[in-house]
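Close look at the chain arrangement
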Amino acid sequence: SQYSAVDTNPLSVYIMQPIWNKIIKIVPLWIAPNLLTFSGFVMILVNYFLISFYDWDYTASGTSPGLVPTWVWLFSAFTTFCAYALDSIDGKHARRTQSTSPLGELFDHGLDSWATSIFVLSFFSVCSRDNGKTGVSVYTMYIYLSIVLFNFMCSHWEKYNTGVLFLPWGYDISQVVLIAAYLLTGAVGVEVWQKPLLFGYYITDALVILLIGFSVFLSFPQTLYNIHRAHLKKTLKNDSLYEGLLPLVSPLLLFILLTVWVVLSPGNILAKQPRLFLWMVGVAFSNVICKVIICQMSSTRPELFHWFLFPLALVVYAAISGLLGWTEEAVLAVFTVLVTAAHVHYGVCVGRQLSEHLNIYIFSLKKRVQE
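Starting from 1, residues in each chain are numbered consecutively following that chain's sequence as written. Two thresholds apply to this predicted model, a pLDDT of at least 70 for residue-level local features and 80 or more for giving and counting side-chain atom pairs, whereas whole-chain, interface and lining totals are computed over all residues. In computing side-chain properties, one takes all heavy atoms of the structure into account and sets aside hydrogens as well as water.

A few words on helix α4 (residues 70–96). The end-to-end C-alpha distance of α4, which contains 27 residues, comes to 38 Å, matching closely the 39 Å that a straight helix rising 1.5 Å per residue would cover. Along α4, the largest kink reaches about 35° and is centred on Ile89. Elements are defined by DSSP. Helices are runs of H or I of four residues or more, strands are runs of E of two residues or more, and each kind is numbered from the N terminus. To estimate how far a helix should extend, the number of its residues minus one is multiplied by 1.5 Å. Bend, in this description, refers to the angle at a residue between axes fitted to the seven residues ending there and the seven starting there.

On to the packing of helix α11 (residues 274–298) against helix α13 (residues 328–357). Angular values range over 0 to 180 degrees, each being the angle between N-to-C directions of two axes fitted as lines to C-alpha atoms, with helices fitted over their stretch in contact. The geometry of α11 relative to α13 is characterised by a closest axis approach of 9 Å and an angle of 30° between their N-to-C directions. The angle between the axes of α11 and α13 places the two elements in the roughly parallel class. Viewed along their axes, α11 and α13 form a crossing whose handedness is left-handed. In this structure, α11 uses Leu276, Phe277, Trp279, Met280, Val283, Ala284, Ser286, Asn287, Cys290, Lys291 and Ile294 to contact α13, whose residues at the interface are Leu332, Ala333, Phe335, Thr336, Val339, Thr340, His343, Tyr346 and Val350. Across the contact of α11 with α13, the residue classes break down as 14 nonpolar, 5 polar and 1 charged. In this scheme, roughly parallel covers angles under 35 degrees and roughly antiparallel covers those over 145, while 65 to 115 is roughly perpendicular and the rest are oblique. Here a crossing is called left-handed whenever its near helix is offset anticlockwise from the far helix by less than a right angle, and right-handed whenever the offset is clockwise. In what follows, residue pairs with any heavy atoms lying within 4.5 Å of each other are defined as contacts. Residues are grouped as follows: Ala, Val, Leu, Ile, Met, Phe, Trp, Tyr, Cys and Pro are nonpolar; Asp, Glu, Lys and Arg are charged; every other residue, Gly included, is polar.

Moving on to the UniProt feature "transmembrane region" (unreviewed entry) in the protein chain. UniProt positions are given in the numbering used here, feature names are shortened, and annotations may be inferred rather than shown by experiment. UniProt records the feature "transmembrane region" (unreviewed entry) for residues 26–50, 70–86, 136–154, 199–220, 241–264, 276–294, 306–324 and 330–348 in the present numbering. Its end C-alpha atoms 26 Å apart, residues 136–154 is made of 89% helix and 0% strand. Within the segment residues 199–220, helix and strand shares are 82% and 0% respectively, and the terminal C-alpha atoms sit 30 Å apart.

In this text, buried Ala, Val, Leu, Ile, Met, Phe, Trp, Tyr and Cys residues form a nonpolar core when linked through side-chain atoms within 4.5 Å. Only protein chains enter the calculation, and the probe is 1.4 Å; a residue is then buried if its accessible area is under 20% of its type maximum, exposed if over 50%, and partly exposed in between. By size, the foremost hydrophobic cluster in this structure holds 99 residues, and its most contacted members are Phe123, Phe124, Leu254, Trp261, Phe277 and Leu312. When neighbours within four sequence positions are excluded, Phe123 is seen to be in contact with Tyr144, Leu178, Ala181, Tyr182, Trp193 and Leu207.

Salt bridge, as used here: a side-chain nitrogen of Lys or Arg that lies within 4 Å of a carboxyl oxygen of Asp or Glu. Counting across every chain of the model gives 2 salt bridges. Here Glu105 ties to Lys159 by a salt bridge, and the two come within 2.8 Å at their closest N and O atoms. On the criterion of sequence distance, the pair formed by Glu105 in helix α5 (residues 102–127) and Lys159 in helix α6 (residues 138–162) is long-range, its members being 54 residues apart. For Glu105, a relative accessible area of 9% gives the class buried. Take Lys159: its relative accessible area is 1%, and that puts it in the buried class. With a shortest N-O distance of 2.5 Å, Arg301 and Glu243 are connected by a salt bridge. Placement of the pair is Arg301 in the loop between α11 and α12 (309–320) and Glu243 in helix α9 (residues 241–264), with a sequence separation of 58 residues. Residue Glu243 is classed as buried on the basis of its relative accessible area, which comes to 18%.

How two helices sit against one another is set out by the angle between their axes and by the gap between those axes. Where α6 meets α11, the closest approach of the two axes is 10 Å, and the angle between their N-to-C directions is 5°. By the angle between their axes, α6 is roughly parallel relative to α11. Contacts between α6 and α11 involve Val138, Met141, Tyr142, Leu145, Leu149, Phe152, Met153, His156, Lys159 and Tyr160 from the first element and Pro274, Phe277, Leu278, Val281, Gly282, Phe285, Ile289, Ile293, Cys295 and Gln296 from the second. Taken together, the residues of the contact of α6 with α11 sort by class into 16 nonpolar, 3 polar and 1 charged.

Pairing of aromatic rings covers Phe, Tyr and the six-membered ring of Trp, with a centre-to-centre limit of 6.5 Å; geometry is then stacked below 30 degrees between planes, edge-to-face above 60, and tilted otherwise. For the structure shown, the criterion picks out 26 aromatic pairs. Between Trp20 and Phe81, the aromatic rings sit 6.0 Å apart at their centres with planes inclined by 40°, giving tilted as the arrangement. You can see Trp20 sitting in helix α1 (residues 10–23) and its partner Phe81 sitting in helix α4, a full 61 residues away along the chain. On the numbers, 5.7 Å between centres and 75° between planes, the contact of Phe107 with Phe363 is edge-to-face. Placement of Phe107 in helix α5 and of Phe363 in the segment after α13 is noted, with a sequence separation of 256 residues between them. Among the residues examined, Phe107 registers a relative accessible area of 17% and is labelled buried.

Structural data, given as C-alpha cells:
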C-alpha cells in the first residue's frame, strides 16, 4: 500500500521541517534510511539505561537531588533531539535515495511504538516519584504512560480505517517539551521541579494537565472526526463497525489486565518495581500495536485476541489470587525479560522476512543478489 501521512501542526510545518531540510543535506547518500531510524532508537535506549543506572526506582530527583549528574540530563537533551531529528528525516532520506519501502515504513512505526513508552519512562526520572512532599505517584505514572500509548494507538487505528496517518500534533510538541525539560534540569538542577510554579501547582502538574487536555480534547476528537469524514466521503477501508473496531480489542484487553494487576496486586507490585512494570507495559503495548500496523499495511484482518494476552492473564490471575505470594516481584522480572525477548525476536523475524520478500537489505542500499 502507498504510504500517506498528513502533518498540519504549525510547529512542525513552520519551524521543525525547515530545520530537518537543512540537516538532511549533510546525510551521505549511501546511508540506508533504516540505519537513521535505528540509530535514533538506539540513542533513546542508551539514554534510558543510563538514567536507569543512576535512578532505578525513580527516587533520585526527589530524595537526593544531585544523585544524577548534570551531564546525564544534558546527554538526555542531546539524545532526545537526535532521535527526534533522525525520526523526522528518515522518510525524507528514503525519498531522496529512492529507497522507500513497506519495510522502512514498518521499521519506522514499529520502533516508534516502542520508543513512545521509553521517552515517557526516561522523563519520569526528572519529576521523581512521590515522597510525600513532591513528585508524582507511581499510579499517576501508570495513567500518564497509558494515555500517551492510547494516543499512539489512536493514530494507527485511524490509519487502519482511513488509510491515512494523521500525525498527531502532540508528537512535535512533546519532543520539544522533553528537550526543553532536560535542558532546564541540566541548567538549574532537579530542584526546579520541586518548587511550586503558580498557585501551589508544580510544573509536573501542568504537564500532566496539558497531556490529558491534549489527548481528550485534541487527539481523540481529531481521530473520530477524521474517521467520520472518511465515512461520509465513502473512503473508509472497512465497511462494518465490527471490522473497524477490531484492532482496539487487544489493546483495550491488555490495558484492563494490566490495570487489574496494578490495582489488586497483594504485594503492591507497581510501587515495589515501577521501572520493571512500566517497561513491561511499554513492550507489551508495542507488540500489540505492531500487529495492528502490519494488518493495516497488508490490508489483512487483525486477530481478535493477541497471543500475549493469554500468558499475561495467567500471570495476573496468579498474582492477584495470592498464588505467587512473595515471588510476585521475581515473576514480574522473569516475565518482563521473556516479553522483551519475544518482542525483539518478533521484530527481527518480521524484518528478515520482509527484507527477503522485497529483495532489499535492512541496513544497506545495495540490492540483494537473486538466488
